[in-house]
Amino acid sequence: MSLSVRAANGVEIPQLGFGVYKIKGKNGLFEQTIREAIQAGYRHFDTARIYGNEAELGRVIANSGIPREEFFLTSKVWTTDLGEERTRRAFEQSCKKLKTTYLDMYLIHFAGPGYVEAWRALERLYEEGRVKVIGAANFEIEHLEQLRKHAKIPPMINQVETHPLFQQQPLREYMSHHRILHEAWGPLGQGNVSLLDHEELRSIADRHHKTVGQVILRWHLNRNSIVIPKSSNPKRIKENRQVFDFELSGEEIDRIAQMDTGRRSSVNPNGIQVNPLYVKLTRLFLNVQNLQ
Ligand SMILES: NC(=O)c1ccc[n+]([C@@H]2O[C@H](COP(=O)([O-])OP(=O)(O)OC[C@H]3O[C@@H](n4cnc5c(N)ncnc54)[C@H](OP(=O)(O)O)[C@@H]3O)[C@@H](O)[C@H]2O)c1
């Protein structure tokens, strides 16, 4: 079973997807992991140019025997590619690697310098039918406001770090008001034990005969968020989809609401985007990727 949520333009997005950040590519493990995810029923895959695995993902999907239209593919434009023409070029490179003529969703990865110009490229791609849903990642209210001020087509989604210890309440309220969907990255706290061993979640999980991971994913789905857990473990790949056969009670949802610390698990990612050394290193990485 799977559910979907509707973007402001009516496009349906499968609510439970699969994130492919940091899945190791050596010895065919990446391909095997994606094959297992497809087998388990995932059709929505979240990648980005900076992950360096678009080509492998595209190959597995092309060889899956399942028509391209049954997949929902997201990629993201990296900070060094922000700008109207640059972003368009980056989009074409992502499509080529993913072996597709269109993307289901294309996001600006961070609100780096040039994101307003990059948004124009996304609008054009949307108008040409090359992308079905356009949006942002890691944008805060001020960045979304900027986009809304300059945009012909407002952002439809924002993908941000979210989990029970960092619930993003003020941003979610703003987004809901402006019909911007919420997508949770790091939905399992990136595997952090302070979340996955949390006593409160453990007691809720025991009551439902579920794992803590499943309780967290159920909580995201209840909030109408799109969620993209990553796993390289065959058991957990399946486990993370077994979340449609139970419900959290109102009291349990209230208990999870109390867990919010208001703090990210790492530094605010928008800060690092303007660090010159970081920009240089990621540009070098992408140049090497383009040669492959
Ligand atoms: N836009 C952005 O800036 C941004 C940033 C980060 C991530 N993302 C996207 O969001 C996706 C998900 O985020 P993420 O990969 O950072 O973190 P995540 O999905 O919250 O956590 C992944 C970690 O949790 C473990 N795990 C998976 N299922 C589990 C379960 N049921 N129980 C216990 N542990 C479990 C995984 O280990 P095993 O692999 O061993 O199972 C892995 O260590 C990424 O893959 C990427 O597509 C986007």
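Look up a bit, the structure's there.
Residues numbered from 1 in each chain as written. Predicted model: local features only at pLDDT ≥ 70, side-chain atom pairs only at ≥ 80, totals over all residues. Heavy atoms only, no water.

### Thoughts on a positive patch on the surface
- On the surface, Lys-22, Lys-24, Lys-26, Lys-230 and Arg-236 cluster together into a patch of positive charge.
- Inspection of the secondary structure assignment puts Lys-22 in the loop between strand S3 (18–19) and helix H1 (29–40). (Patch = residues over 30% accessible without salt bridge, like charges linked within 9 Å, V, L, I, M, F, W, Y side chains within 5 Å. Areas by Shrake-Rupley, 256 points an atom, 1.4 Å probe, with all protein chains shown as cover. Salt bridge = Lys/Arg side-chain N within 4 Å of Asp/Glu carboxyl O. Lys, Arg positive; Asp, Glu negative; His and termini not counted. Charge placed at Lys NZ, Arg CZ, Asp CG, Glu CD. Helix = DSSP H or I, 4+ residues; strand = E, 2+ residues; numbered from the N terminus.)

### Digging into a nonpolar patch on the surface
- A cluster of nonpolar side chains, contributed by Leu-277, Leu-281 and Leu-284, occupies part of the molecular surface with about 330 Å² of accessible area.
- Along the polypeptide, Leu-277 turns up in helix H13 (residues 276–291).
- Residue classification places Leu-277 among the exposed residues on the basis of a relative accessible area of 57%. (Buried < 20%, exposed > 50% of the residue type's maximum accessible area, 1.4 Å probe, protein only.)

### A look at the layout of surface pockets
- There is about 1,100 Å³ of room inside the largest pocket.
- When residues of the lining of the largest pocket are traced back to their parent elements, those giving at least two are helix H9 (212–222), helix H10 (234–239), helix H12 (269–272) and H13.
- It is H10 that provides the largest number of residues to the lining of the largest pocket, a total of 3 residues.
- Among the residues making up the lining of the largest pocket, the classes are represented as 17 nonpolar, 15 polar and 6 charged.
- Roughly 240 Å³ of internal volume is contained in the second largest pocket.
- Residue lining of the second largest pocket: 13 residues in total, with Ser-176, Ile-180, Leu-181, His-182 and Asn-224 positioned closest to the centre.
- Going through the elements one at a time, helix H6 (169–177) and strand S9 (181–185) are the ones with two or more residues in the lining of the second largest pocket. (1 Å grid on protein atoms, 1.4 Å probe; cavity = no way out; pocket = protein on both sides within 12 Å on 5 of 7 lines; lining within 4 Å. Points joined across faces, edges and corners; volume = space filled by probe spheres on them. Nonpolar A, V, L, I, M, F, W, Y, C, P; charged D, E, K, R; others polar.)

### Considerations on the site of the ligand
- Around the ligand, 28 residues are found, and the nearest of them are Asp-46, Leu-188, Gln-190, Ser-231 and Arg-236.
- With respect to the ligand, the side chain of His-109 contributes an N or O atom lying 3.3 Å from an oxygen atom.
- A distance of 2.8 Å separates a nitrogen atom of the ligand from a polar side-chain atom of Asn-240.
- Within the complex, 86% of the 890 Å² of free accessible area of the ligand lies under protein.
- In the shell around the ligand, the residues fall into 11 nonpolar, 12 polar and 5 charged. (Near = heavy atom within 4 Å. Polar contact = N/O pair within 3.5 Å; in protein donor to acceptor, adjacent residues only side chain to side chain.)

### Side note on the sheet that holds strand S10 (residues 226–227)
- Here we have 8 strands laid out as an open sheet, ordered S3-S4-S5-S6-S7-S8-S9-S10, and parallel in their pairing. The open sheet terminates on both sides in strands that have one partner only, identified here as S3 and S10.
- Note that S3 and strand S4 (residues 44–46) share 2 bridges and pair parallel. Paired with Phe-18 across the strands is Phe-45, a residue of S4.
- Along the sheet face, helix H4 (residues 115–127) touches strand S6 (103–108) and strand S7 (131–137) and points at about 165 degrees away from the line of S7. (Pairing = 2+ DSSP bridges. Contact = heavy atoms within 4.5 Å. Axes fitted to C-alpha atoms, helices over the stretch in contact; angles between N-to-C directions.)

### Focus on H1
- Helix length check: H1, at 12 residues, gives a terminal C-alpha distance of 16 Å against a target of 16 Å (1.5 Å per residue), a fit within 8%.
- By the burial criterion, the buried members of H1 are Phe-30, Thr-33, Ile-34, Ala-37 and Ile-38. All buried residues of H1 fall inside an arc of 135 degrees around its axis, so they share one side.
- Considering only its buried residues, H1 is in contact with S3, S4, helix H2 (54–62) and H10. (Expected span 1.5 Å × (residues − 1). Arc of directions from axis to C-beta.)

### Some words on the environment of Phe-72
- Here Phe-72 lies in strand S5 (residues 72–77).
- Sequence separation of Phe-72 and Glu-36 is 36 residues, and the distance between their C-alpha atoms is 17 Å.
- Setting aside anything within four residues of it in sequence, one finds Phe-72 in contact with Glu-12, Ile-13, Pro-14, Arg-43, His-44, Phe-45, Asp-104 and Met-105.

Don't take any of this as a statement about function, it's just geometry.
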